Amino acid sequence: MDVETYLQQEDRLMLVIGACEQHAYLSLLSDVRIPLALADAASQKTGVLVAPPVNFGSSPYFLTYPGTFSLRLSTLQDVVEDLVRSAYGQGFKRILVLNGHGGNSGVKARLTELANTLPGLKLQWYAWWMSHSVEQVAVRHDLKPEHANWLEAFPFTLVSELPQGSKQPPLVPSEILDAASARQVYGDGSFGGPYQAEAQVMQELFAACLADVLHILEFDA
């Protein structure tokens, strides 16, 4: 009933999609926790509803790391399409998808097709780690963003003590790696670089991404 009341005045919704996959010393759900934290913070400022997150994504290359649970990309595309269709049918016409995982990028193509079939539907897509805002923070502090390094080491993704210093980025062959080969290449799971950054850097990073989300929501208001 609360959602029904909300829809009488508002048609915006935030949908988080992530993954359950290895992140070295960070949470298996880092790719969910980060965009969900951004969505929750944005919701507190705007009142826009946040749908329950999609906790599983497409991570076939990490399947030899215990705890990584992967959907086929086609399955994930179907899941997200069904969720968007459900929301659209109830009156949500402006939907911001906050993606937390690179392996989910194929979903965007499906959503582009969907946007052509549902009249009045307006979709936005935000992959936080690919934003210019993140790039600016990284350049400003001379840090290179990579999977499971400082970039994702927020207080709410930490599940163990992080190693000191940096990891030498592994030499990655040009061929498409199967899961067993990927584990041999990446070892602990980090793609290299510093394992952590100073707290003020992470606060600056989160604030920059939150500003992105708020801008998208305001532009779409």
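Here, the structure is the one placed above.
Since we're looking at a predicted model, the values are computed, not measured.

Asker: Help me understand the nonpolar core in this model?
Answerer: Note on soluble globular proteins: their nonpolar side chains tend to be buried together. In this structure, Met 14, Ile 95, Leu 98, Trp 128, Leu 205 and Val 213 are the most contacted members of the largest nonpolar core, which totals 52 residues. Put simply, the parts of the chain that give this core at least two residues each are β1 (12-17), α2 (30-46), α3 (73-90), β3 (94-99), α4 (106-115), β4 (122-127), α5 (132-140) and α7 (199-219). Top element by residues in this core is α7. It accounts for 11 residues. In contact with Val 213, not counting residues within four places along its chain, are Met 14, Leu 38, Ala 42, Leu 96, Leu 98 and Tyr 126. Phe 62, Tyr 65, Leu 177 and Ala 182 belong to the second-largest nonpolar core, a separate cluster that totals 5 residues.

Asker: Help me understand the pattern of salt bridges in this model?
Answerer: Close approach of charged atoms allows side chains with opposite charge to pair. Summed over all chains, the structure comprises 9 salt bridges. A salt bridge links Glu 10 to Arg 12, with the shortest nitrogen-to-oxygen separation between them at 2.9 Å. Look at Glu 10 and you get buried, because its relative accessible area is 16%. Arg 140 is the partner of Glu 204 in a salt bridge, and the nearest nitrogen-oxygen pair spans 2.5 Å.

Asker: What's the story with the sheet that holds β4 in this structure? I'm lost.
Answerer: Hydrogen bonds along the backbone pair up the strands of a sheet, which may run parallel or antiparallel. One open sheet accounts for 4 strands, arranged β2-β1-β3-β4; its pairing is parallel. Looking at which strands have only one partner, the edges of the open sheet turn out to be β2 (49-50) and β4. Examined bridge by bridge, β1 and β2 share 2 bridges and lie parallel to one another. Following the sheet pairing, Met 14 is matched in β2 by Val 50. α3 contacts β1, β3 and β4 of the sheet and is inclined by roughly 165 degrees relative to β1. Running at roughly 165 degrees to β4, α4 makes contact with β1, β3 and β4 of the sheet.

Asker: What is the right way to read the pairing of β4 from this model?
Answerer: Strand residues, when the strand is regular, have side chains that alternate between the two faces of the sheet. Here β3 pairs with β4 via 6 bridges, running parallel. When the sheet's bridge partners are listed, Leu 96 is paired in β4 with Gln 124. For the crossover from β3 across α4 to β4, the handedness is right-handed.

Asker: Please clarify how helix α6 (residues 179-186) should be interpreted in this entry.
Answerer: Owing to its 3.6 residues per turn, the α-helix aligns residues three or four sequence positions apart on the same side. Within the span of α6, buried status applies to Ala 179, Ala 182 and Tyr 186. Considered in projection along α6, the buried side chains sweep an arc of 55 degrees and stay on one side of the axis. The secondary structure elements touched by the buried residues of α6 are β5 (166-167). Capping the start of α6 is the job of one residue whose side-chain oxygen sits 3.0 Å from the backbone nitrogen of Ala 180: Asp 178. Phi turns positive one or two residues past the end of α6, at Gly 187, with a value near 60 degrees.

Asker: Please explain the packing of aromatic side chains as it appears in this structure.
Answerer: Any aromatic ring pair is given by two values, namely how distant the centres are and how the planes are angled relative to each other. Counting across every chain of the model gives 11 aromatic pairs. Summarising the aromatic geometry, the rings of Phe 62 and Phe 191 are spaced 6.2 Å apart at their centres and angled 65 degrees between planes, so their arrangement reads as edge-to-face. Of this pair, Phe 62 sits in the loop between β2 and α3 while Phe 191 is found in the loop between α6 and β6 (193-194), placing the two residues 129 residues apart along the sequence. The exposure class of Phe 62 is buried, given its relative accessible area of 2%. Residue Phe 191 is classed as partly exposed on the basis of its relative accessible area of 22%. Ring centres of Trp 128 and Phe 154 lie 6.1 Å apart, and the angle between their planes is 65 degrees; on these two criteria the pair is classed as edge-to-face. With Trp 128 in the loop between β4 and α5 and Phe 154 in the loop between α5 and β5, the pair connects residues that are 26 residues apart, well separated along the chain.

About the thresholds
Residues numbered from 1 in each chain as written. Predicted model: local features only at pLDDT ≥ 70, side-chain atom pairs only at ≥ 80, totals over all residues. Heavy atoms only, no water. Core = buried A, V, L, I, M, F, W, Y, C linked by side-chain atoms within 4.5 Å. Buried < 20%, exposed > 50% of the residue type's maximum accessible area, 1.4 Å probe, protein only. Helix = DSSP H or I, 4+ residues; strand = E, 2+ residues; numbered from the N terminus. Contact = heavy atoms within 4.5 Å. Salt bridge = Lys/Arg side-chain N within 4 Å of Asp/Glu carboxyl O. Pairing = 2+ DSSP bridges. Axes fitted to C-alpha atoms, helices over the stretch in contact; angles between N-to-C directions. Right-handed = clockwise from strand over helix to strand, strands pointing away. Arc of directions from axis to C-beta. Polar contact = N/O pair within 3.5 Å; in protein donor to acceptor, adjacent residues only side chain to side chain. Phe/Tyr/Trp six-rings, centres within 6.5 Å; stacked < 30°, edge-to-face > 60°.

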